[in-house]
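The primary structure of each chain is shown beneath.
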Amino acid sequence: MGIISIRRMARKLLAPVILVLVLAMLIGVFYVGLPNFGKETYAYKGPSLKVYGKKVKDSDFNNYLLRVSQQASQFAQIRTYSEAELRDAAVNTAIQTVAFEREMKQAGSKIKVDKAELDEFMKKYFKTDEELNSFMEQQGFASKSEFRKTLTKELEYQKFVKNKARELEITIPEEEVLGYVEEIAVSHVLVSTNDGEKTRSNTQALARANEVYQKLTNNGDFAEIAKEYSDDPGSKDNAGSLGTMPLEYFKNGMVKEFVDATLALKPGEISKPVKSDFGYHVIRLDSRKMPTGEEYDEKYQEIEDNLLYQKAEYDPKYREWLEGVFKKAEENSEILDPGLRAFRLMKDEKWKEAAAAYEKALKKKYYKNRIDTYVNASTVYLKLDQASKAIEILDKAPAEVKVDLEFQVALGNAYREDGQQEKAKELLLGYGEDHLDSTEVHERLKAVFSEWEMTDAVEKEEKILADIKKAEEEALKKYQQELEERNQSK
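Only a predicted model underlies this, so the values are computations on that prediction, with no experimental measurement involved.

Quick notes on the overall build of the chain
Next, step 1: Per the secondary structure count, the chain includes 23 helices and 7 strands.
Next, step 2: The C-alpha radius of gyration computed for the chain amounts to 32 Å, which surpasses the reference 23 Å derived for 490 residues by more than 25%, pointing to a less compact arrangement than a globule.
Next, step 3: Looking at the chain as a whole, 45% of its 490 residues qualify as buried.
Next, step 4: Once local pairs closer than 6 in sequence are excluded, the contacts in the chain between residues at least 24 apart make up 68%.
Next, step 5: Just so you have it, the chain exposes about 27300 Å², and 48% of that area is on carbon and sulfur atoms.

Description of the environment of Glu169
Next, step 1: Relative to the helices and strands, Glu169 is located in the loop between α7 (144-167) and α8 (174-181).
Next, step 2: Here the alpha-carbon distance between Glu169 and Lys317, two residues 148 residues apart in the chain, equals 8.7 Å.

As for the confidence of the model for the chain
Next, step 1: Predicted confidence across the chain gives a mean pLDDT of 89, with 90% of residues reaching 70 or more.
Next, step 2: When the criterion is pLDDT under 50, residues 1-41 qualifies, and its contacts beyond four places in sequence or with other chains add up to 109 contacts.

What about the packing of α8 against helix α13 (residues 293-312)?
Next, step 1: Running from N to C, α8 and α13 cross one another at 115°; their axes reach a closest spacing of 9 Å. In the crossing of α8 with α13, the sense of the turn from one axis to the other is right-handed. From α8, Glu174, Glu176, Val177, Leu178, Tyr180 and Val181 reach across to α13, where they touch Tyr296, Lys299, Tyr300, Ile303, Glu304, Leu307 and Lys311.
Next, step 2: Residue composition of the contact of α8 with α13, grouped by class: 8 nonpolar, no polar and 5 charged.

Comments concerning the environment of Gly53
Next, step 1: Inspection of the secondary structure assignment puts Gly53 in the loop between β1 (49-51) and β2 (54-55).
Next, step 2: Once the C-alpha coordinates of Gly53 and Ser333 are considered, the two residues, 280 residues apart in sequence, prove to be 7.4 Å apart.

Let's talk about the pattern of salt bridges
Next, step 1: Inspection of the entire model under this criterion finds 31 salt bridges.
Next, step 2: In this structure, Arg444 and Glu406 form a salt bridge, with 2.8 Å as the shortest nitrogen-oxygen distance. Pair noted here: Arg444 is in helix α22 (residues 439-451) and Glu406 is in helix α20 (residues 405-417), with a separation of 38 residues, a long-range link.
Next, step 3: A residue is classified by how much of its surface remains accessible, and Arg444, at 29% relative accessible area, is partly exposed.
Next, step 4: Two residues, Asp456 and Lys425, come together in a salt bridge whose shortest N-O distance is 2.8 Å. With a gap of 31 residues between them, Asp456 in helix α23 (residues 455-489) and Lys425 in helix α21 (residues 421-433) connect regions that are remote in the sequence.

Structural notes on the side chain of Thr373
Next, step 1: With respect to the helices and strands, the residue Thr373 is situated in helix α17 (residues 371-383).
Next, step 2: Ignoring sequence-local partners within four residues, the contact set of Thr373 consists of Arg87, Tyr358, Leu362 and Tyr367.

Re the pairing of strand β6 (residues 279-289)
Next, step 1: Across 10 bridges, strand β3 (residues 183-192) lies against β6 in antiparallel orientation. Opposite Ile184, over in β6, you have Arg288 as the bridge partner.
Next, step 2: In terms of strand pairing, strand β5 (residues 274-276) meets β6 through 3 bridges, oriented antiparallel. Opposite Lys275, over in β6, you have Tyr280 as the bridge partner.
Next, step 3: Hairpin connection, β5 to β6: the antiparallel pair is bridged by 2 residues.

A short note on helix α9 (residues 202-217)
Next, step 1: The end-to-end C-alpha separation of α9 is 22 Å, in line with the 22 Å expected for 16 residues at 1.5 Å each.
Next, step 2: All of the buried residues along α9 are Ala205, Ala209, Val212, Tyr213 and Leu216. Around the axis of α9, the buried residues are gathered within 100° of arc, so they sit on the same side.
Next, step 3: As for α9, its buried residues are in contact with β3, α10 (222-229) and β6.
Next, step 4: Directly after α9, the chain includes Asn219, whose backbone phi takes a positive value near 65°.

Here is what the cut-offs are and how they apply
Each chain has its residues counted from 1, running along the sequence as written. In keeping with the predicted nature of the model, local features appear solely for residues at pLDDT of at least 70, side-chain atom pairs appear and are counted solely at 80 or more, and the whole-chain, interface and lining totals rest on all residues. For side-chain calculations, the full set of non-hydrogen atoms in the structure is used, while hydrogens and water are omitted. Starting at the N terminus, helices and strands are each numbered in turn, a helix being any DSSP run of H or I of at least four residues and a strand any DSSP run of E of at least two. Within these notes, the globule rule equals 2.2 Å times the number of residues to the 0.38 power, and the radius of gyration is based on C-alpha atoms. Relative accessibility decides the category of a residue: with a 1.4 Å probe and only protein chains considered, values under 20% of the type maximum give buried, values over 50% give exposed, and everything between is partly exposed. The criterion used for residue contact is that any of the two residues' heavy atoms lie within 4.5 Å. Calculation of accessible area relied on Shrake-Rupley with a 1.4 Å probe; when residues are assessed, cover is drawn exclusively from the protein chains displayed. For every residue, the predictor states its confidence as a pLDDT score lying anywhere from 0 to 100. Each axis is a line fitted through C-alpha atoms, and for a helix only the stretch in contact is used; angles between axes span 0 to 180 degrees, taken between their N-to-C directions. Crossing handedness is defined as follows: a turn of the near helix away from the far one that is anticlockwise and smaller than a right angle gives a left-handed crossing, while the clockwise case is right-handed. Each residue receives one of three labels: charged for Asp, Glu, Lys and Arg, nonpolar for Ala, Val, Leu, Ile, Met, Phe, Trp, Tyr, Cys and Pro, and polar for the others, Gly being one of them. Whenever Lys or Arg places a side-chain nitrogen within 4 Å of a carboxyl oxygen from Asp or Glu, that contact is recorded as a salt bridge. Paired strands, in this sense, are two strands between which DSSP finds at least two bridges. Multiplying one less than the number of residues by 1.5 Å gives the expected span of a helix. Note that the arc is computed from the directions linking the helix axis to the C-beta atoms.

Below you can see the structure in the form of structure tokens.
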């Protein structure tokens, strides 16, 4: 891996707790609207549902759809989600969002963030207009007013969570808070055994580290020696300093050998060479400071608040309270969209009610080109032993839907359940003939025919897959030969 820059690690860890939290919340918390979401990615047309008697706007539901699709894309390598599953997740998001916003509204003035408080926060964490403008650009905010509005919501959210945590008697142990209140400053010289450019034996590295130690203990200038000897690019030009950081960050961010050796020192004391995976360190403890008086009280309160906020959302008491809020909201919700309702009824195996809901959904413009709606509707009718009705539903689909592989599989299943096994096989074999170069198609068809126990069709798919693989290997071989010939001709 090469030398890790402890200096860079320290800088990362030194980011103010509250600001790190804000950045995370600005781009992902479930109740805050994300910036630049004006485009109708899903073009959803509702109405979708009511929560506590209030309709969810189509624009909001579109945002929920976009959000859950972004989250689902992070798991694309593990599994894919159908549009119906994403819409169902958006329903959950809508219910939870409305429920949480309702709780916040009831909190009223307790969580209010006024202009002065917002200004103070921004001044504290964005020292210059350049820093602020750079951050807004990175996060996609078009204007300062848009950023201020979102940040106000975020700070009110944090206030709400902290207040609720105290109400639920969630506490942070004093020793944990003190770990962030106390600060430590450390400098070091790293003699690497392998820095990516040169390799030293342990014996060579230790000898060089001992040389460093001798010079430093003989009143050598730490900055000059670090610049000459250190293999840590992040600190060597900064007098070997790793900066000042909370003690807890230091303990969690540095390797154990480095931490143990440092904490055994007195301020100003220099260690003998200390071995770690990165080589040998000669360490100086520059300072360990615990603030006093008013400064201590203010810092203790700030850090306790930040830790309370970080930990509250994972605390069992808070999770139990939140689940109760969401459950109550769901009990006071009504799904208006027949397509959304049909999918939930299907999950609950209420086949008759689901079929009726899907019939209504397919009359809506929004669902007329949705492949999953036709496929799910046919599945429901097959569960009701109404294969002919499933075929009838699928036959009504527009041409652009019928070209989809899963649609064809659904139609094949319907024919098979209707006793038309040969027609089902011919249908899928014909689809395969139209997609002879697609591994994905033929892997899927092979799986379907295996499930149907159609051995001859399985063998045919295996032959096609073998031909595709052979053609790909030959194409790759030809490309490599052409590449070699071009390189030789140069």
